[in-house]
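# Examining the three-dimensional arrangement
The lines below spell out each chain.
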Amino acid sequence: MLKFFLFATLVAFVAAAGHGSDDDVHAEVKQLKSDVRHDGFDIALETSNHISQHSSGDEHGNIHGSYEYLTPEGEHIKVDYVADENGYHPESAVLPTPPPVPAHILKAIEYIRAHPPKEEKGSHH
């Protein structure tokens with residue numbers, strides 16, 4: 001439940017800090033659904049200023065969800081995520097990605113796989 005509280009706080013912060021127009025100041029909740037059960041929860045929030053958040057969690061603390069909003073420039077941002085025992089894993093077209101692995105590194109890795117090191121004779125590890 002702590003993960004949910006932290007995430008809800010993050011969404012509220014992003015919504016408050018990321019927007020400064022009059023529409024945002026006067027935004028209203030269009031939909032709020034909350035179903036908290038002994039085996040998990042489902043929550044949905046939508047506001048009049050195009051902010052929405054949907055998430056589901058299970059009894060083990062695993063959460064799957066998404067949130068989306070419009071930037072002040074009008075760009076639609078959507079982030080899907082999973083939060084589980086391995087951490088928070090967001091996916092979005094707007095998140096940075098690592099550069100591709102250079103071809104010479106890929107070639108070296110393939111060579112190492114094809115030619116594993118040989119054990120030395122007389123070695124008793």
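See the structure shown above.
Attention in this report is confined to the structure presented alongside it. (Residues numbered from 1 in each chain as written. Predicted model: local features only at pLDDT ≥ 70, side-chain atom pairs only at ≥ 80, totals over all residues. Heavy atoms only, no water.)

### Quick word on the side chain of Thr47
Summarising the element assignment, Thr47 is placed in strand β2 (residues 40-47). Judged by its relative accessible area of 14%, Thr47 falls in the buried class. Looking at Thr47, its side chain comes within polar contact range of the side chain of Asn49, at 2.3 Å. Beyond its immediate sequence surroundings of up to four residues, Thr47 is in contact with Glu28, Val29 and Lys30. (Helix = DSSP H or I, 4+ residues; strand = E, 2+ residues; numbered from the N terminus. Buried < 20%, exposed > 50% of the residue type's maximum accessible area, 1.4 Å probe, protein only. Polar contact = N/O pair within 3.5 Å; in protein donor to acceptor, adjacent residues only side chain to side chain. Contact = heavy atoms within 4.5 Å.)

### Observations regarding a nonpolar patch on the surface
A cluster of nonpolar side chains, namely Val101, Ile105, Leu106 and Ile109, defines an oily patch on the protein surface of about 320 Å² accessible area. By relative accessible area, which is 35% here, Ile109 ends up partly exposed. (Patch = residues over 30% accessible without salt bridge, like charges linked within 9 Å, V, L, I, M, F, W, Y side chains within 5 Å. Areas by Shrake-Rupley, 256 points an atom, 1.4 Å probe, with all protein chains shown as cover. Salt bridge = Lys/Arg side-chain N within 4 Å of Asp/Glu carboxyl O.)

### Focus on the pairing of strand β3 (residues 52-58)
Here is the key point about a regular strand: its side chains alternate between the two faces of the sheet. Bridge count for β2 against β3 is 7 bridges, and the pairing is antiparallel. Note that in β3 the partner of Asp42 across the bridge is Ser56. Hairpin connection between β2 and β3: a loop of 4 residues separates the two successive antiparallel strands, and His50 in this loop has a positive phi of roughly 70°. Linking β3 back to strand β4 (residues 63-70) in an antiparallel pair, the connection comprises 4 residues, with Gly61 at a positive phi of about 90°. (Pairing = 2+ DSSP bridges.)

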